[in-house]
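# Residue-level structure breakdown
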Amino acid sequence: MRGSVGAVALVVLGLAVFGGALAPHDPSSTVAAPWLAPGGGHPLGTDAAGRDVWSRTLAGGRSIVLTSALAAVTAGAAGTLGGLVAGWYRGWPDRLLSGAADLLLGVPLLLVALVLAVVLPAPAAVVAGTVCGGAPLTLRVVRDAVRRARRTGYVEAALGRGERAPALLVREVLPGLTGVATADLGLRFVVALQLAAALGMLGLGAQPPAPDWGLMLRENLAGAALNPPALVAPAAALTVTALVAAALARGTAEQRIRLREPAS
């Protein structure tokens, strides 16, 4: 069952990234009258500019998904590094990093992204916003896990052998955090996806005529009554992509945790 979920997730994410190659029409070109209902070679009808909604839906996930993946990896790496340092060394490193994390968490994520989007390209704003809003949460989770690992017998034995902290963190502590880090990565991806879609809806992301799920929501809101699939399709694509990414991350994390558990 878990294998089936993973296969479905990979297919959905693959379609989100490479679906543009399957588009029957140029997603940026007008092919018919605006707001046509589904039918006549257009399974989801047309949008405000007469572009094929099905083609734009297939092609609209590449940029937003790749940007969200980069943002999730960057936020996860930054939070994991900070959590390793804060959890191991404690003292002033812990106070400094935890204080910075608390400060960032006190600022609304969307507000940070909006400010960044004014001075940065939209993909960079999504990455920076996800780091500011997601890395502090990752730091807290990893810090607590490192504190628990520091009290385990195998870590104390390694310290007794005279191993240095950086090598010990990489060889002994970090492998035990892969399950937690993988699950957290899925959460960061979902947050980044929502952030990228929000910027697109506000007109701060991709610009017409580029196919983009967030931009499609903005463009087709006014004509939702004329051709509902033009609005429902990108919303459904965003929802399904977020769900399968979270399910894939959770399943991978559970598998890694089981592999590290001692046999009974």
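Below, the structure is looked at part by part. What you see is a predicted model; the values in this text were computed from it and never measured. (Residues numbered from 1 in each chain as written. Predicted model: local features only at pLDDT ≥ 70, side-chain atom pairs only at ≥ 80, totals over all residues. Heavy atoms only, no water.)

## What to know about the packing of helix H4 (residues 91–105) against helix H6 (residues 122–150)
One way to put it is that H4 packs onto H6 with a least axis distance of 8 Å and a crossing angle of 145°. As H4 runs across H6, the sense of the crossing is left-handed. Contacts between H4 and H6 involve Asp94, Leu97, Ser98, Ala101, Asp102, Leu104 and Leu105 from the former and Cys132, Gly133, Pro136, Leu137, Leu139, Arg140, Arg143 and Arg147 from the latter. (Axes fitted to C-alpha atoms, helices over the stretch in contact; angles between N-to-C directions. Helix = DSSP H or I, 4+ residues; strand = E, 2+ residues; numbered from the N terminus. Left-handed = near helix turned anticlockwise from the far one by under 90°. Contact = heavy atoms within 4.5 Å.)

## Examining the side chain of Thr80
Within the secondary structure layout, Thr80 lies in helix H3 (residues 62–89). In contact with Thr80, not counting residues within four places along its chain, are Thr138, Val142 and Leu174.

## Overview of helix H5 (residues 109–119)
Turning to H5, its buried residues are Val112, Ala113, Leu116 and Ala117. Axial view of H5: buried residues confined to an arc of 130°, hence all on one face. The exposed set on the far side of H5, more than 90 degrees from its buried face, consists of Val115, Val118 and Val119. (Buried < 20%, exposed > 50% of the residue type's maximum accessible area, 1.4 Å probe, protein only. Arc of directions from axis to C-beta.)

## Details of unusual backbone geometry
A cis amide bond links Pro208 with the next residue in sequence, Pro209, at an omega value of 5°. By the element assignment, Pro209 lies in the loop between helix H9 (178–201) and helix H10 (213–220). Notably, Trp35 is not glycine yet its phi reads approximately 60°, a positive angle. Looking at the element boundaries, Trp35 is found in the loop between helix H1 (2–18) and helix H2 (53–59).

## A word on H4
Helical geometry note: an α-helix holds 3.6 residues per turn, so side chains three or four residues apart project in the same direction. With 15 residues, H4 should cover 21 Å at 1.5 Å per step; its first-to-last C-alpha distance of 21 Å lies within 8% of that length. What H4 keeps buried is the set Pro93, Asp94, Ser98 and Ala101. Down the axis of H4, the smallest arc covering the buried residues is 110°, so these residues share one side. Exposed residues on H4 whose side chains face more than 90 degrees from its buried face are Trp92, Arg95, Leu96 and Leu103. (Expected span 1.5 Å × (residues − 1).)

## Some thoughts on a nonpolar patch on the surface
A surface patch of nonpolar side chains, amounting to about 280 Å² of accessible area, comprises Val11, Leu15 and Leu22. You can see Leu22 is positioned in the loop between H1 and H2. Leu22 gets classed as exposed once you look at its relative accessible area, which sits at 56%. (Patch = residues over 30% accessible without salt bridge, like charges linked within 9 Å, V, L, I, M, F, W, Y side chains within 5 Å. Areas by Shrake-Rupley, 256 points an atom, 1.4 Å probe, with all protein chains shown as cover. Salt bridge = Lys/Arg side-chain N within 4 Å of Asp/Glu carboxyl O.)

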